[in-house]
Amino acid sequence: MTAGFDPLVPRPIDRPTEVRGPLSALDEAKIFAAPADPADRPAWRAKLHEWREDARKRHGYTGAAYDRPQATWAASCHTVAQVWLWDELLYSFEDRRFTPERFLADARDRFGGLDAVVLWHAYPVIGLDDRNQWDFYREVPGLAELIATLHAEGLHVFVDYNPWDVGTRRGADDLTELAALVKDFEADGVFLDTLKKAEPEFVERLEAARPGIVLEGESKLAVERIEDHAASWAQFFADSPVPGVLRAHWYERRHMQHHVRRWHRDHSEELQSAWLNGVGVMVWEVVFGVWVGWSPRDAATVRRMVTLQRLAKDLLLDGEWTPLPELPPEAEAAGVYASKWELGDRTLWTLVNRGDTDYHGPLPGTDLLGGVPARGIGATAEGWHPDLPDLPHDPDARFPHRIARRVSPPRTTGVPDEDAVVVPAGPYVLTVRYRARETGMYQGAPYVDEWKPLPPRLHDARTLQREGELATAVAVGVTEVTNAQYAEFLAATGHEPAREHPGAPDAPVTHVDLDDARAYCAWRGGRLPTEDEWQLAGDRLRRGTPAVWNWTESEHSDGRTRFVLLKGGSDYRAEGSEWYVEGGRKGPEYTVKLLLPGLGLARSATVGFRCAWEVPS
């Protein structure tokens, strides 16, 4: 991390660019900064027009990608949600099925509905074993049906591409795999995780596989690639005090951008920027297993925005756009700013209030939304009065906190193994080591209001202290359950494994999920050890060959994400990327937070288990 880096303020590359100097220098902007003095704005707008004309000539812009009939939807895709496939709004662990009806109802109620979703699938669980990013889509039962349901509800679907996945199982080259994936699942777009843009061959191959495919890069898209990327992920874009203009959208009005600051709890500035620029937002409430839910105020702002944006689609795409038109002095003094959109005899003003006081003063046109609330948005119109539903502003900007609660372990009735390690009853204090990942750990977000966490904020070694008390002594199996022992269980109970369990008879059984492990332990009159019990016994536990991670009785849920803590480490290690789950053998104090996939995908070649029993005093 560079000296003096402050994660709570935008980095230089995130900040708006002053509109001055040679025109070609403006190509590097994320946002064109706006002048504070209204008298300077006509010349500022003229410079923006001059830059656009010059840049289009320099880059030989044609706009052909936006004329593809199958891709025109992207220009009006104002809300996209990033959703973990196993988000408990989208998937029921109890019923073992996808629940798109529940997910979509929540989105309609709070955000006015969605235009698209990104089905996030592999990160942050990839690297646990050798499954690659394609396996984490291909092995999901019912995924094609889920996508078909989302399509039937009017949503477009993005899949996620992880170019950094280079160390897991190798199949065909990435382009071949991705092209086949978007074709087979009829995906509408691809999110380019960690990539600002795809190379021309990449674009051509995907277009051949799925005509009209929309590519959305992360962060700032190079001007010359606006030609063949219909959308971009406007992540960590800082605005000027007087709202500025998004460079990519000014260059091509049909280029859709989705504003997002993933770790922020106040989204008002990015929402206001989206509203004034006629672009969209990314609604991202579960960031890789961490709850960062949107406040009622910001959710209501999205609902107000997208409802009117859908009704004003032609104005926003084809109308004459005037950023920061002149407003009454009272509005300017209150921190109210606008964009003006004109088409034929219709005019729309999109308005924002950067101040902390509601504004009900003079404005041009007829008020559509009841003033411009503090930190909110408003709209007025002339020659046009859309039939709007009730769209109240909600001033409640509080963070809607969630608590991850443990699924309580069952009581045990059986007799422990003779050589089990006994952990005495009583209080304990543990030091837990872990790697700071975007999954966080037990509670809360690992980064709050941070712009772009960088090392050592990201992926650094951390510790936490855990305190607790065992009501009774607990005996923890000294070794993991073996293939031979598990085979006895299957033969005795008729339990149906989802996968075969290859390996030597005395090797740890793997390809078992939590339910499989719990069923075996219950058959033995025991249960899984909690992560604390495992650690307390850890120095005396023996590891099988190969070494595998161990399930623990640590399942948690906050109503949106399920996770489990793994102990022990494994001999397997995925190499080549810092984004993988860490591998290698670990000491008893080391813990990995694993987000639980459903429908059998939690079964892994590198995860086994051992049993525990309560010992009466």
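Residues numbered from 1 in each chain as written. Predicted model: local features only at pLDDT ≥ 70, side-chain atom pairs only at ≥ 80, totals over all residues. Heavy atoms only, no water.

Looking at an unreviewed UniProt entry, the protein carries the name Sulfatase-modifying factor enzyme-like domain-containing protein, with the source organism given as Amycolatopsis eburnea.

1. Side note on helix H5 (residues 174-185)
Look at H5: 16 Å from first C-alpha to last across 12 residues, which is about the 16 Å you get at 1.5 Å a residue. Of the positions making up H5, those classed as buried are Asp 174, Leu 175, Glu 177, Leu 178, Ala 179, Leu 181, Val 182 and Phe 185. Looking at the buried side of H5, the elements it contacts are helix H3 (135-138), helix H4 (143-152), strand E6 (156-161), strand E7 (189-192) and helix H6 (200-209). N-cap assignment for H5: the residue whose side-chain oxygen lies 3.2 Å from the backbone N of Leu 175 is Asp 173. Glu 186 lies just past H5 and shows a positive phi near 55°. (Helix = DSSP H or I, 4+ residues; strand = E, 2+ residues; numbered from the N terminus. Expected span 1.5 Å × (residues − 1). Buried < 20%, exposed > 50% of the residue type's maximum accessible area, 1.4 Å probe, protein only. Contact = heavy atoms within 4.5 Å. Polar contact = N/O pair within 3.5 Å; in protein donor to acceptor, adjacent residues only side chain to side chain.)

2. What to know about the side chain of Asn 162
The residue Asn 162 is located in the loop between E6 and H5 in this model. A distance of 3.0 Å separates a polar atom in the side chain of Asn 162 from a polar atom in the side chain of Asp 160. Setting aside anything within four residues of it in sequence, one finds Asn 162 in contact with His 121, Ala 122, Tyr 123, Gln 133 and Asp 193.

3. A look at the nonpolar core
Counting residues in hydrophobic clusters, the biggest one holds 174 residues, and the most contacted among them are Val 117, Leu 119, Leu 178, Val 190, Trp 551 and Phe 609. Take this core: its biggest share by element is six residues, from H5. Three or more residues apiece are contributed to this core by two domains, here domain 1 (17-317) and domain 2 (405-614). The residues touching Val 117, leaving out its near neighbours within four places in the chain, are Val 80, Ala 81, Val 83, Phe 103, Leu 150, Leu 155, His 156, Val 157 and Phe 158. Among the nonpolar cores identified, the runner-up in size contains 12 residues, and Val 423, Tyr 428, Leu 470 and Val 474 belong to it. (Core = buried A, V, L, I, M, F, W, Y, C linked by side-chain atoms within 4.5 Å. Domains from an automatic or database assignment.)

4. Quick look at the sheet that holds strand E19 (residues 377-382)
With respect to topology, five strands assemble into an open sheet ordered E15-E16-E17-E19-E18, the strand pairing being antiparallel. On the outer flanks of this sheet lie strand E15 (320-323) and strand E18 (366-367), each paired with one strand and no other. Alignment of strand E16 (residues 336-343) against strand E17 (residues 346-353), held across eight bridges, turns out to be antiparallel. Bridge pairing links Lys 340 to Trp 349 in E17. With respect to the sheet, helix H8 (residues 268-277) is in contact with E15, E16, E17 and E19, its orientation differing from that of E17 by roughly 165°. (Pairing = 2+ DSSP bridges. Axes fitted to C-alpha atoms, helices over the stretch in contact; angles between N-to-C directions.)

5. A few points about the packing of H8 against helix H9 (residues 296-311)
It is the contact of H8 with H9, at a shortest axis distance of 10 Å, that shows an interaxial angle of 5°. By the angle between their axes, H8 is roughly parallel relative to H9. Contacts between H8 and H9 involve Ser 268, Leu 271, Ala 274 and Trp 275 from the first element and Arg 297, Asp 298, Thr 301, Val 302, Met 305, Leu 308 and Gln 309 from the second. Partitioning the contact of H8 with H9 into residue classes produces six nonpolar, three polar and two charged. (Parallel < 35°, antiparallel > 145°, perpendicular 65-115°, else oblique. Nonpolar A, V, L, I, M, F, W, Y, C, P; charged D, E, K, R; others polar.)

6. Considerations on the domain arrangement of the protein
A common way to express how large an interface is: the accessible area buried when the components associate. When the domains of the protein are assigned, the result is domain 1 (17-317) and domain 2 (405-614). Contacts between domain 1 and domain 2 engage 47 residues on the former and 45 residues on the latter. Note on domain 1 versus domain 2: buried area summed over both sides is about 4,000 Å², and carbon and sulfur give 57% of it. The largest contributions to the domain 1 side of the interface with domain 2 come from Glu 88, Leu 128 and Trp 263, which together make up 19% of the buried area. The tally of links between domain 1 and domain 2 comes to six salt bridges. (Buried area = accessible area lost by both parts, 1.4 Å probe. Salt bridge = Lys/Arg side-chain N within 4 Å of Asp/Glu carboxyl O.)

7. Brief notes about the sheet that holds strand E32 (residues 612-615)
Reading across the sheet, the three strands line up as E21-E24-E32 and stay open at both edges, with antiparallel pairing between neighbours. In the strand order of this sheet, the two ends are held by strand E21 (421-423) and E32, each with one partner. Averaged over all pairs of adjacent strands, the angle between strand axes in this sheet comes to 25°, irrespective of strand direction. In this structure, E21 lies alongside strand E24 (residues 473-476), joined through three bridges in antiparallel fashion. Each bridged residue has a counterpart across the sheet, and for Val 422 the counterpart in E24 is Ala 475.

8. Topic: unusual backbone geometry
Between Tyr 123 and Pro 124 the backbone carries a cis peptide bond, its omega angle lying at 15°. Within the secondary structure, Pro 124 sits in the loop between strand E5 (116-120) and H3. With an omega of 5°, the peptide bond running from Pro 455 to Pro 456 counts as cis. A positive phi angle, close to 55°, is found at His 511, a residue other than glycine.

9. Points about the environment of Leu 343
Looking at the secondary structure, you find Leu 343 in strand E16. Sequence separation of Leu 343 and Asn 277 is 66 residues, and the distance between their C-alpha atoms is 16 Å.

10. So, helix H2 (residues 100-111)
Helix length check: H2, at 12 residues, gives a terminal C-alpha distance of 16 Å against a target of 16 Å (1.5 Å per residue), a fit within 8%. What H2 keeps buried is the set Pro 100, Phe 103, Leu 104, Ala 107 and Phe 111. One side of H2 holds all its buried residues, which, seen down the axis, span an arc of 95°. Looking at the buried side of H2, the elements it contacts are strand E2 (79-84), strand E4 (97-98), E5, H4, strand E12 (280-283) and H9. Positive phi appears at Gly 112, one or two residues downstream of H2, with a value of about 75°. (Arc of directions from axis to C-beta.)

11. Some words on the packing of H2 against H9
In contact at an axis separation of 7 Å, H2 and H9 are set at 85° when each is read in the N-to-C sense. Between H2 and H9, the crossing angle belongs to the class labelled roughly perpendicular. Mapping the contact onto sequence places Asp 109, Arg 110 and Phe 111 in H2 and Ala 299, Ala 300, Val 302, Arg 303 and Val 306 in H9. Partitioning the contact of H2 with H9 into residue classes produces five nonpolar, no polar and three charged.

12. A look at the packing of aromatic side chains
In the structure shown here, the tally under the stated rule is 31 aromatic pairs. Measuring from centroid to centroid gives 5.2 Å for Phe 32 and Trp 51, while their planes differ by 70°, and the two rings are edge-to-face. Separated by 19 residues along the polypeptide, Phe 32 in strand E1 (residues 31-32) and Trp 51 in helix H1 (residues 41-58) bring together distant segments of the chain. Assigned by exposure class, Phe 32 and Trp 51 land together as buried. Relative to Trp 523, the ring of Phe 489 has its centre 5.5 Å away and its plane inclined at 50°; by these criteria the two rings are tilted. With a gap of 34 residues between them, Phe 489 in helix H12 (residues 483-493) and Trp 523 in helix H13 (residues 514-523) connect regions that are remote in the sequence. On the basis of relative accessibility, which here comes to 2%, the residue Phe 489 falls in the buried class. Owing to a relative accessible area of 35%, Trp 523 belongs among the partly exposed residues under this scheme. (Phe/Tyr/Trp six-rings, centres within 6.5 Å; stacked < 30°, edge-to-face > 60°.)

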